[in-house]
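Working through the structure, step by step
Here is what each chain is made of, one letter per residue.
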Amino acid sequence: MKALVLSGGSGTRLRPITHTSAKQLVPVANKPVLFYGLEAIADAGITEVGLVVGDTADEIREAVGDGSRFGLEVTYIRQDAPRGLAHAVLVARDFLGDDDFVMYLGDNFIVGGITGLVDDFRAERPDAGILLTRVLDPRAFGVAELDAAGRVVSLVEKPEFPKSDLALVGVYLFTPAVHEAVRAVRPSARGELEITHALQWLIDQGRDVRSTTISGYWKDTGNVADMLEVNRSVLERIEPRTAGTVDASSEIIGRVRIEEGARVSGSRVVGPAVIGAGAVISGSYVGPFTSISEGCRIEDSEVEYSILLRDSTLTGVRRVEASLIGRDVEVTPAPRTPSAHRLVLGDHSKVQISS
């Protein structure tokens, strides 16, 4: 069995971060989102991975390399533009051959991995397997409709009037039957070849498409709010460790991981939080659910429930929260400017001015 990991796409919902960085490489607890998926694939016993890349191919190739750090053999597959998930299967045809495969969206995050799902698929080998989860607003997702027996009867991409609250999770399992399906579908109104259309084609042909509804944690990290939420979820499970230095005037509370070379002085850090290698925290407060990447400097500032990418600085700032701060960013107080009130008042006026 092989894996097809989709790492193209422009990441418009994470701009401006994704103007200069691949969305799959934005870190969660100081590790790129993409790496969690690759680790889950390796844990499932899959070693051959096709990585579909687009405009950010060079950056992803530099981060992932040949995959050996994950115990994988990675083949890079170029997609000229984001033309849909079914199109990604088309361009990966030579790599996939006639093998079964799992397709994993590189910006998705699933707690608990996919090992059990892959094992079940290998044992039963339906034509396709999909993961579903219940969501509050299914209009932003592919949506599945099940019959009374739990069989998949229809799949619709981002419907205006959803027939259920069951959204497709970004992990799919396929036998080679999918190749005929992706060749049969035509572009949607969005101009993309939708994987939901290919799955519906399989259903209409009487093929065996099965679903598994997961109750565990899943997020599509396509926007800032979801990135921060996934970061929170991961940090809740970190093990405390101090590989850097903490002076006697600092206070470390809860699950805090301080990486090698990091320095904390005159500060209070409340976990769960992670301080990256070489970071400097001085005279500051770092609150829960904060990930500070390598090389950052936090001086005389307060930050909480945020992600700071590498080499960024906060100096003299109160307070930063629920923020995603890119690489090599400087955040400082605005300069104080003289303020004045200009008044033209008639006789007998009464004016109140807040100081």
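Being a predicted model, the structure only gives us computed values, none of them experimental.

1. Quick notes on the nonpolar core
- Within the largest apolar cluster, 35 residues are counted, with the highest numbers of intra-cluster contacts made by L4, V89, M103, F174 and I195.
- Sorting elements by how many residues they give to this core places helix α7 (residues 195-204) first, with five residues.
- In contact with M103, not counting residues within four places along its chain, are L4, L6, L85, V89, G170, V171, Y172, F174 and I195.
- Counting 33 residues, the second-largest nonpolar core is a separate cluster that includes V5, L25, A44 and V169.

2. Section: the packing of helix α6 (residues 177-184) against α7
- Direction vectors running N to C along α6 and α7 enclose 115 degrees, while the axes themselves pass 8 Å from each other. Once α6 is placed against α7, the crossing between them reads as right-handed. In this structure, α6 uses A177, E180, A181, V182 and A184 to contact α7, whose residues at the interface are I195, A198, W201 and L202.
- Taken together, the residues of the contact of α6 with α7 break down into eight nonpolar, no polar and one charged.

3. A closer look at the side chain of H87
- With respect to the helices and strands, the residue H87 is situated in helix α3 (residues 85-91).
- H87 sits in the buried class, given a relative accessible area of 14%.

4. Describing the packing of aromatic side chains
- Taken as a whole, this structure holds five aromatic pairs when the rule is applied.
- Measuring from centroid to centroid gives 6.2 Å for Y172 and F174, while their planes differ by 5 degrees, and the two rings are stacked.
- Y172 gets classed as buried once you look at its relative accessible area, which sits at 5%.
- F174 sits in the buried class, given a relative accessible area of 0%.
- By the ring-pair criterion, three or more aromatic residues cluster together here, those being F101, Y172 and F174.
- Positioned above the aromatic ring of F95 is the side chain of K2, whose terminal nitrogen or guanidinium carbon lies 4.9 Å from the ring centre.
- The ring of Y36 has K31 lying over it, and the distance from NZ or CZ to the ring centre is 4.4 Å.

5. Brief notes about the pattern of salt bridges
- Throughout the structure, instances matching the rule amount to 26 salt bridges.
- Salt-bridge contacts for E39 lead to K31; the nearest nitrogen and oxygen are separated by 3.0 Å.
- Residue classification places E39 among the partly exposed positions, given a relative accessible area of 28%.
- Shared partners join several salt bridges into a network, and the residues in it are D300, E302, E304, R318 and R319.

6. Thoughts on unusual backbone geometry
- P272 follows G271 through a cis peptide bond whose omega is 5 degrees.
- Checked against the element boundaries, P272 lands in the loop between β19 (268-270) and β20 (273-275).
- A positive phi is found at F289, a non-glycine position, where the angle reads about 60 degrees.
- Secondary-structure assignment places F289 in the loop between β22 (285-286) and β23 (290-292).

7. Quick word on the sheet that holds strand β30 (residues 330-331)
- Read across the sheet, six strands follow the order β15-β18-β21-β24-β27-β30 without closing on themselves; strand pairing throughout is parallel. The open sheet is flanked by β15 (245-246) and β30, the only strands paired with a single partner.
- Relative to strand β24 (residues 297-299), strand β21 (residues 280-282) runs parallel, the two being bridged by three bridges. In the strand pairing of β24, V280 is matched with R297.

Rules behind the numbers
Residues numbered from 1 in each chain as written. Predicted model: local features only at pLDDT ≥ 70, side-chain atom pairs only at ≥ 80, totals over all residues. Heavy atoms only, no water. Core = buried A, V, L, I, M, F, W, Y, C linked by side-chain atoms within 4.5 Å. Buried < 20%, exposed > 50% of the residue type's maximum accessible area, 1.4 Å probe, protein only. Helix = DSSP H or I, 4+ residues; strand = E, 2+ residues; numbered from the N terminus. Contact = heavy atoms within 4.5 Å. Axes fitted to C-alpha atoms, helices over the stretch in contact; angles between N-to-C directions. Left-handed = near helix turned anticlockwise from the far one by under 90°. Nonpolar A, V, L, I, M, F, W, Y, C, P; charged D, E, K, R; others polar. Phe/Tyr/Trp six-rings, centres within 6.5 Å; stacked < 30°, edge-to-face > 60°. Lys NZ or Arg CZ within 6 Å of the ring centre and 35° of its normal. Salt bridge = Lys/Arg side-chain N within 4 Å of Asp/Glu carboxyl O. Pairing = 2+ DSSP bridges.

Limitation: the analysis is restricted to geometry and does not speak to function.
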